[in-house]
Amino acid sequence: MKIKTIMKSIRIGAGLGFYGDNWEPVAASIERGGVQFIASDHLAELTLAILQKDRQRDPSLGYARDVVPMLMKLWPLMRERGVRFVCNAGGLNPQGAAKAVLAAFQAKGWKARVAVVSGDDVLPCLLDQTAPVEAFAHLFSSAPVAGVRDRLVFGNAYLGARPIVAALDAGADIVITGRVADAALFLGPLVHSLGWTLDGATDARDLDRLAQGLTVGHLLECSGQGSGGNFGSQGAWQAIPDLAHIGYPIAEVWEDGSALITKAPGTGGRVNFDTVRQQLLYEVHNPHAYFSPDVVLDMGGIQLLDEGEDRVRLTGARGGAPTDTLKVVAGFRDGYKAEVTWGFSWPDAWDKAQAAQATIRTLLKDKRIPHEELYVEYPGLNSAHGALAPLPKPDALNQSNEIWTRLVLRTSDKAAADGFGRLFPWMGLSGPAYTCGFTGLHNTSELLGIWPTLIPRADVEAGVQVELLGDGA
Amino acid sequence: MSTVRIPLVRVAHARSGDKADWVDFGLFAWNEAGYRLLAREVTAERVQAHFAPWLPGEVDAWPLPNILALKFVLRGALQGGGARNLRLDNLGKAMAGALLRMEIDVTQDELDAALAAPRVGVWS
């Protein structure tokens, strides 16, 4: 039996913020940041859609494959310092991810205890036609799931910190989960190390500590966005130094829940009141009821004290008891898109782009190509801010050096999407003059609608498993 | 007293994010004087009207005076969500920039005070 050491404080560092993020900054947190844990979030809402396509092609896939090269680089640094690693790179196939990691470790002669957390896949529940009509209604629109049921491709519940705590309590060096609440990747190690009450936490002290831990997780789950990356502003972002060597955020968290957000010395980026609060509100709806499986967070009392030198003190998060439902995000097939980007140069660039677009609309009609929408935007003019971007008058646009048009066909007919790009090349010789670039001849992809909903907690938690693979060093 | 019309970018910074089909914004004043202007001028109704020509959808707003910030959620902004959205900016990452284009009316004194007051965050 393991005896848990209760520490006064621990330090935890951010891993990735999405599938495809840069892991090099994590090395600095391990080598110079004094962390005991790294927690790494590989799953944005739509990442499971990408993983689902992988799994369709090869049933051994379906996980975030970057976890293997990431650990090949970072594990030697972590092992040397006793740093443990928690991630949700398992995606739709946590066992597959663990096997891939262990196979790569074995080839190097490395050993590690890898825990696999599974049980978040609730697609069978969503597919069950005998479920009551109101079950799994859309969380925002309340539409019934029956309208998309036959097109669902994945459906996963957001698990909480509990199985991660269990895995760490059992001595795992590496924990690989599927879908869990992003912040739970961080809350798990905090509960494990600081001896916080998670199960049945009802008194204010316990819930407020969990709320602090959840806030820490939320501040760290998007890697560089918590330390000066993607800092939206005019004239201020330039004062965030050396993003090429950005340090991902690190939190030191004490037993009482108080926390310090910082980053490794000698790294780029900036941790201050402004960069931290941009991340605090990121992808939050009601800030007084930020739901998670472990605690409901109220940000209304949060204080962020900027101590300078990349140190921000976090206090005042308040917690409420979690609900008896878990959030589910499912994805459903919703047709196809094919996109083309096409440029015309001065003179008369705008008019030529309009004439070419009119020709394409004529062809779509002549050939009766089935589609629901032809979406058009002009990169460099309005693709970022749509109708809110002030456009020059046509005369001025005609004096532009070049005009780029992006045309996207949305259709439920895959053949129509596949043929879209082939409507264009002939115009290189037989259309308006001075076309200066064309991409998208073969460019079909499947569209996936997102279906957020709720599921009774008990239906999911009974099936959650923690499995320990591999052996210790 | 003279009134000036300014874009929010003069006195605020912002980040946008996506959840399914809804985009959400954090809007931040640099100091207390700036926050008073944002809290008075940047209401849910005004944000909804600002986005209406492009993204007509209901807006919810929450003030967070403890961090000198306002939180907004704009419904139905993402064409059904990131994996279905046909825009180049399918996740609405640049939409915070569109919020910072929004114009508000303040007095010259109020603007001067907001620009003169030091930032709460440490930038040195």
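Quick notes on the rules
Residues numbered from 1 in each chain as written. Chains lettered and ligands numbered in written order. Predicted model: local features only at pLDDT ≥ 70, side-chain atom pairs only at ≥ 80, totals over all residues. Helix = DSSP H or I, 4+ residues; strand = E, 2+ residues; numbered from the N terminus. Rg over C-alpha atoms; globule rule 2.2 N^0.38 Å. Contact = placed C-beta atoms within 7 Å. Nonpolar A, V, L, I, M, F, W, Y, C, P; charged D, E, K, R; others polar. Expected span 1.5 Å × (residues − 1). Bend = angle between axes of the 7 residues up to and from the residue. Buried ≥ 20, exposed ≤ 12 C-beta atoms within 10 Å, placed from the backbone. Core = buried A, V, L, I, M, F, W, Y, C linked by C-beta atoms within 7 Å. Domains from an automatic or database assignment. Pairing = 2+ DSSP bridges. Axes fitted to C-alpha atoms, helices over the stretch in contact; angles between N-to-C directions. pLDDT = per-residue confidence, 0-100. Parallel < 35°, antiparallel > 145°, perpendicular 65-115°, else oblique. Left-handed = near helix turned anticlockwise from the far one by under 90°.

Participant: Would you mind going over the overall build of chain B in detail, with residue names and values included?
Facilitator: Summing up its helical and strand segments, chain B has four helices and six strands in all. Put simply, chain B runs from its N terminus to its C terminus through helices and strands in the order β-β-β-α-α-β-β-α-β-α. Computed over C-alpha atoms, the radius of gyration of chain B comes to 15 Å, within 12% of the 14 Å expected from 2.2 N^0.38 for 124 residues, which places it in the range of a compact globule. By its C-alpha atoms, chain B is 45 × 35 × 25 Å across when sized along the principal axes.

Participant: Which residues make up the interface of chain B and chain A, and what are the values?
Facilitator: Each partner contributes residues to the interface: chain B has 40 residues there, and chain A has 52 residues. Where the side of chain B that touches chain A is concerned, the elements lending two or more residues are strand S2 (12-19), strand S3 (22-29), strand S4 (59-64), strand S5 (69-74) and helix H3 (95-100) of chain B. If you tally residues by element for the side of chain B that touches chain A, the top one is S2(B), at six residues. Here the side of chain B that touches chain A is composed, by residue class, of 21 nonpolar, nine polar and 10 charged.

Participant: Give a description of helix H3 (residues 67-81) of chain A that names residues and reports values.
Facilitator: Residue and element names in this part refer to chain A. The first and last C-alpha atoms of H3 sit 20 Å apart over 15 residues, in line with the 21 Å expected at 1.5 Å per residue. Leu-74 marks where H3 bends most, by close to 45°; the proline Pro-76 follows one to four residues later. When H3 is considered as a whole, its buried residues turn out to be Val-67, Met-70, Leu-71, Leu-74, Trp-75 and Met-78. Downstream of H3 by one or two residues, Gly-82 has phi in the positive range, about 70°.

Participant: Which residues make up the environment of Asp41(A), and what values do they have?
Facilitator: All names here are of chain A. Within the secondary structure, Asp-41 is located in the loop between strand S2 (37-40) and helix H2 (47-57). Residues Asp-41 and Leu-374 lie 333 residues apart in sequence; the distance between their C-alpha atoms is 35 Å. What Asp-41 contacts, discounting residues up to four positions off in sequence, is Gly-15, Leu-16, Gly-17, Asn-88, Asp-182, Leu-185 and Glu-221.

Participant: Can you explain the nonpolar core? Please cite residues and give values.
Facilitator: Counting 166 residues, the largest nonpolar core has Ile164(A), Val175(A), Leu27(B) and Leu99(B) as its most contacted members. For this core, the two domains that each supply at least three residues are domain 1 (9-120 + 158-323) and domain 2 (334-448) of chain A. For Val175(A), the contacting residues outside a window of four places in its chain are Val86(A), Ala115(A), Val117(A), Ile164(A), Ala167(A) and Leu168(A). Counting five residues, the second-largest nonpolar core is a separate cluster that includes Phe344(A), Ala349(A), Trp350(A) and Ile403(A).

Participant: Residues and numbers for the sheet that holds S2(B), please.
Facilitator: Across the sheet, which stays open at both edges, the four strands sit in the order S2-S3-S5-S4 (chain B) with antiparallel pairing between neighbours. Looking at strand neighbours, the two that pair on one side only are S2 and S4 of chain B, the edges of this open sheet. Direction aside, the axes of adjacent strands within the sheet are offset by 15° on average. Relative to S5(B), S3(B) runs antiparallel, the two sharing six bridges. Its bridge partner being in S5(B), Asp24(B) is matched across the sheet by Val73(B). Here helix H9 (residues 273-280) of chain A sits on the sheet and contacts S2, S3 and S5 of chain B; the angle it forms with S3(B), its principal contact strand, is near 155°. On top of the sheet, helix H2 (residues 44-51) of chain B reaches S4 and S5 of chain B; it is set at about 135° to S4(B), its chief contact.

Participant: A description of the sheet that holds S2(A) should follow, citing residues and the corresponding values.
Facilitator: Residues and elements named next belong to chain A. Taken in spatial order, the 10 strands of this open sheet run S10-S11-S8-S7-S1-S2-S3-S6-S4-S18, and their pairing is mixed. For this open sheet the edge positions go to strand S10 (303-306) and strand S18 (465-469), each flanked by a neighbour on one side alone. Shown here is a sheet whose adjacent strand axes are inclined to one another by a mean of 20°, direction ignored. Note: strand S8 (residues 259-262) against strand S11 (residues 312-315), three bridges, orientation antiparallel. The residue of S11 that forms the bridge with Leu-260 is Arg-313.

Participant: So, the confidence of the model for chain B: which residues are in play, and what are the values?
Facilitator: For chain B, mean pLDDT is 97; residues scoring 70 or higher make up 100% of the total. Here the predicted complex scores 0.96 on pTM and 0.98 on ipTM.

Participant: Could you give an account of the packing of helix H1 (residues 24-32) of chain A against H3(A), naming the residues involved and the relevant values?
Facilitator: All names here are of chain A. At a minimum axis separation of 10 Å, H1 and H3 run at an interaxial angle of 15°. Here H1 lies roughly parallel to H3, going by the angle between them. Pair H1 / H3 crosses with left-handed handedness. Of H3, the residues touching H1 (which contributes Val-26, Ala-27, Ile-30 and Glu-31) are Leu-74, Leu-77, Met-78 and Arg-81. Its residues assigned to classes, the contact of H1 with H3 comprises six nonpolar, no polar and two charged.

Participant: Lay out unusual backbone geometry in plain terms, naming residues and giving numbers.
Facilitator: Residues and elements named next belong to chain A. The amide bond that connects Trp-346 to the next residue, Pro-347, takes the cis arrangement and shows omega of 0°. Note that Pro-347 resides in the loop between strand S13 (325-345) and helix H10 (349-366). Within the chain, Ser-142 stands out as a residue other than glycine whose phi angle is a positive 65°. The residue Ser-142 is located in the loop between helix H5 (123-127) and strand S5 (152-157) in this model. Overall, Ser-142 belongs to the exposed group, with 9 C-beta atoms counted inside 10 Å. Despite not being glycine, Glu-309 has its phi angle at roughly 55°, a positive value. Among the secondary structure elements, Glu-309 is positioned in the loop between S10 and S11.

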